[in-house]
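# Close look at the chain arrangement
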Amino acid sequence: MLPTQVHGGSFIAGGTTGTGLDGSALAVRENMIVVTVQYRLGVLGFLKIDSLGLTGNYGFKDVIMALSSSSPLFTAAPTKLTLLLAAFIKKEIVAFGGSSKVTLAGHSSGAEMIKALLVTPSAVSLFSRAILHSAPLNYADQSPSIANAIGTSILGPGGLNCTNLGCLQRQPVQNILDAQLSLFDPSTSIYAGYVQGASTVTPIRTVVDGSLVTRAFGAVTQEQGAIEGVGKQIIFTTMKDEACDAIGQLCVVSLTRSTVRRARLNLASQDRKSTRLN
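Residues numbered from 1 in each chain as written. Predicted model: local features only at pLDDT ≥ 70, side-chain atom pairs only at ≥ 80, totals over all residues. Heavy atoms only, no water.

## Thoughts on the pairing of strand β6 (residues 129-133)
Worth spelling out the cut-off: With a 1.4 Å probe rolled over the protein chains alone, any residue whose accessible area is under 20% of its type maximum counts as buried; one over 50% counts as exposed, and the rest are partly exposed. Strands are runs of DSSP state E lasting at least two residues, helices are runs of H or I lasting at least four, and both sets are numbered from the N terminus onward. A pair of strands is treated as paired once DSSP finds two or more bridges between them. Handedness of a crossover: with both strands directed away from the viewer, a clockwise path from the first strand across the helix to the second marks it as right-handed.
With burial as the criterion, only one face of β6 is covered, namely that bearing A130 and L132; the residues R129, I131 and H133 on the opposite face remain uncovered. Relative to β6, strand β5 (residues 102-107) runs parallel, the two sharing five bridges. In the strand pairing of β6, H107 is matched with H133. Since β5 and β6 lie parallel, the crossover through helix α5 (residues 109-117) that links them has a hand, and here it is right-handed. When β6 meets strand β7 (residues 233-237), the two strands line up parallel, connected through five bridges. Note on β7: the bridge partner recorded for I131 is I235.

As structure tokens, this is what we get:
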């Protein structure tokens, strides 16, 4: 078995060097080969503005590239490291004692991307099994209209103040990151909450664009439809202490262990019921 891990971080943070993502521990304990995948984040990875030819889902395509030795999906040249990783996973893994059957695992936003991969026709042969840790199944999938509205607001007067692609390309990375941060700030004019239907938690994410990601995972499951491919083994589970860092930053007073436990039990009994798959 070849586990390939996709990190979380609400699509704007995280990485393969993050806490708990050291594949060596799992590799040693289970005697398996583990690959961790890095992808472009935030505006740099998911900005969609159709009027400027920005199709979005670039970070999502990075994951596909890492799972595939070659792909016609990309107009921009992939990095040398990505190509090396892609060739390694698909062509050389057997030489290291691994299996060509890939088990794809991800947590939080990484699991959200696996949700999208499960309804992406071009990814059907890239993995055999999937493990989704703490996938926020009650989050609606991102539509092209919402993604375009988010992208337009980032380029607008309250963001980068750009009207064309050249202006965007000349922006320092810090300016782009500052505009991205404004999406989460209600005091700014480009707060994501002002876009109807947009998530204020993950306003930047994978888009159901109709060409690469052809269907919304939530709609497929609600209609008891079929994912892409036949016979894929899938596990849905939750991560211990999911989002604890983010929650800790929001707390202005110290919380006792018993208070946290009661809050977790309350959330488990209320919110998780609506996300359970029958």
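## Quick look at the side chain of N57
Here is the rule: Polar contacts here mean pairs of N or O atoms no more than 3.5 Å apart (in protein, one a potential hydrogen donor and the other a potential acceptor; neighbouring residues in sequence count only if both atoms are side-chain atoms). Residue contacts are counted whenever heavy atoms from the two residues lie within 4.5 Å of one another.
Locating N57 in the fold gives a position in the loop between β4 (54-55) and α3 (58-67). Within polar-contact distance, the side chain of N57 engages the side chain of D209 at 3.2 Å. Beyond its immediate stretch of four places on either side in the chain, N57 contacts G45, F46, R205, T206, V207, D209, L212 and V213.

## Examining the pairing of β5
With respect to burial, β5 is a largely interior element, six of its six residues being buried. Alternating residues of β5 divide into V102, L104 and G106 and T103, A105 and H107, and every residue in both groups is buried.

## Considering the environment of V213
Considering the arrangement of structural elements, one finds V213 in the loop between α8 (173-182) and α9 (217-222). In the structure, V213 is positioned 91 residues away from S122 in sequence and 8.8 Å away in space, judged by C-alpha atoms. Residues within four places of V213 in sequence aside, it is in contact with N57, F60, A116, V119, T120, T206, V207 and V208.

## With respect to the nonpolar core
Quick note on the threshold: Nonpolar cores are built from buried Ala, Val, Leu, Ile, Met, Phe, Trp, Tyr and Cys residues. Side-chain atoms within 4.5 Å join them into one set.
Ranked by size, the top nonpolar core spans 50 residues in total, and within it F60 and I154 carry the most contacts. The element best represented in this core is α3, accounting for six residues. Beyond its immediate chain neighbours, meaning those up to four positions away, F60 contacts F46, M113, A116, L117, T120, T206, L212 and V213.

## Remarks on the side chain of K232
Within the fold, K232 resides in the loop between α9 and β7. Judged by its relative accessible area of 17%, K232 falls in the buried class. A polar contact is formed between the side chain of K232 and the backbone oxygen of V124, at a distance of 2.6 Å. A polar contact of 3.2 Å, which involves the side chain of K232, links it to the backbone oxygen of F127. What K232 contacts, discounting residues up to four positions off in sequence, is L118, V124, F127, S128 and I227.

## Observations concerning helix α6 (residues 144-155)
This is how it is decided: One fewer than the residue count of a helix, multiplied by 1.5 Å, yields its expected span.
The end-to-end C-alpha separation of α6 is 16 Å, in line with the 16 Å expected for 12 residues at 1.5 Å each. Of all the residues in α6, the buried ones are I146, A147, N148, I150, G151, S153, I154 and L155. Check the buried side of α6 and you find it contacts α2 (42-46), β3 (48-49), α7 (165-169) and α8.

## Looking at a nonpolar patch on the surface
For clarity, the cut-off: In this analysis, a patch consists of residues with relative accessible area above 30% that form no salt bridge, clustered at 9 Å for like charges and at 5 Å for the nonpolar side chains Val, Leu, Ile, Met, Phe, Trp and Tyr. Working definition of accessibility: Shrake-Rupley area with a 1.4 Å probe, residue cover restricted to the visible protein chains. Salt bridges, as used here, are contacts in which a Lys or Arg side-chain nitrogen is within 4 Å of a carboxyl oxygen on Asp or Glu.
Taken together, the side chains of L44, V173 and L177 present a nonpolar region at the surface, about 240 Å² in accessible area. The topology assignment puts L44 in helix α2.

## Observations concerning the packing of α3 against α5
Worth spelling out the cut-off: Fitting a line to C-alpha atoms yields each axis, with helices limited to the stretch in contact; the angle taken between N-to-C directions then spans 0 to 180 degrees. Every angle not falling under 35 degrees, over 145, or within 65 to 115 is termed oblique; those three ranges are roughly parallel, roughly antiparallel and roughly perpendicular. Three classes are used: nonpolar for Ala, Val, Leu, Ile, Met, Phe, Trp, Tyr, Cys and Pro, charged for Asp, Glu, Lys and Arg, and polar for all others, with Gly counted as polar.
Remark: α3 packs on α5, axes separated minimally by 11 Å, with the N-to-C direction vectors making an angle of 75°. When the interaxial angle is binned, α3 and α5 end up roughly perpendicular. Contacts between α3 and α5 involve G59, F60, V63 and I64 on the former and, on the latter, M113, A116 and L117. For the contact of α3 with α5, a count of residues per class yields six nonpolar, one polar and no charged.

## Some words on empty space enclosed by the protein
Vacant regions in the atomic arrangement are exposed by a probe of water-molecule size rolled over the atoms. Defined as follows: Site definitions follow a grid-based scheme: protein atoms alone, a 1 Å grid, a 1.4 Å probe that fits but cannot get out for cavities, and for pockets an open set with protein on both sides within 12 Å along at least five of seven lines, plus lining residues having an atom within 4 Å of a point. Grid points are joined across faces, edges and corners, and a volume is the space filled by probe spheres set on the points.
Taken as a whole and assessed by the stated rule, the structure comprises two cavities of 30 Å³ or more. Quantified by volume, the largest cavity comes out at close to 110 Å³. Considering the residues around the largest cavity, the lining is formed by 16 residues, among which E112, A116, D141, Q142 and T206 are closest to the centre. Across the lining of the largest cavity, the residue classes tally to nine nonpolar, two polar and five charged. Taken as a whole, the second largest cavity spans an internal volume of roughly 70 Å³. Along its surface, the second largest cavity is lined by F46, L47, K48, Q142, A147, I150, G151, I154, P203, I204, R205 and V207. Ranked by residues supplied to the lining of the second largest cavity, first place goes to α6 with four residues. Residues that form the lining of the second largest cavity fall into these classes: eight nonpolar, two polar and two charged.

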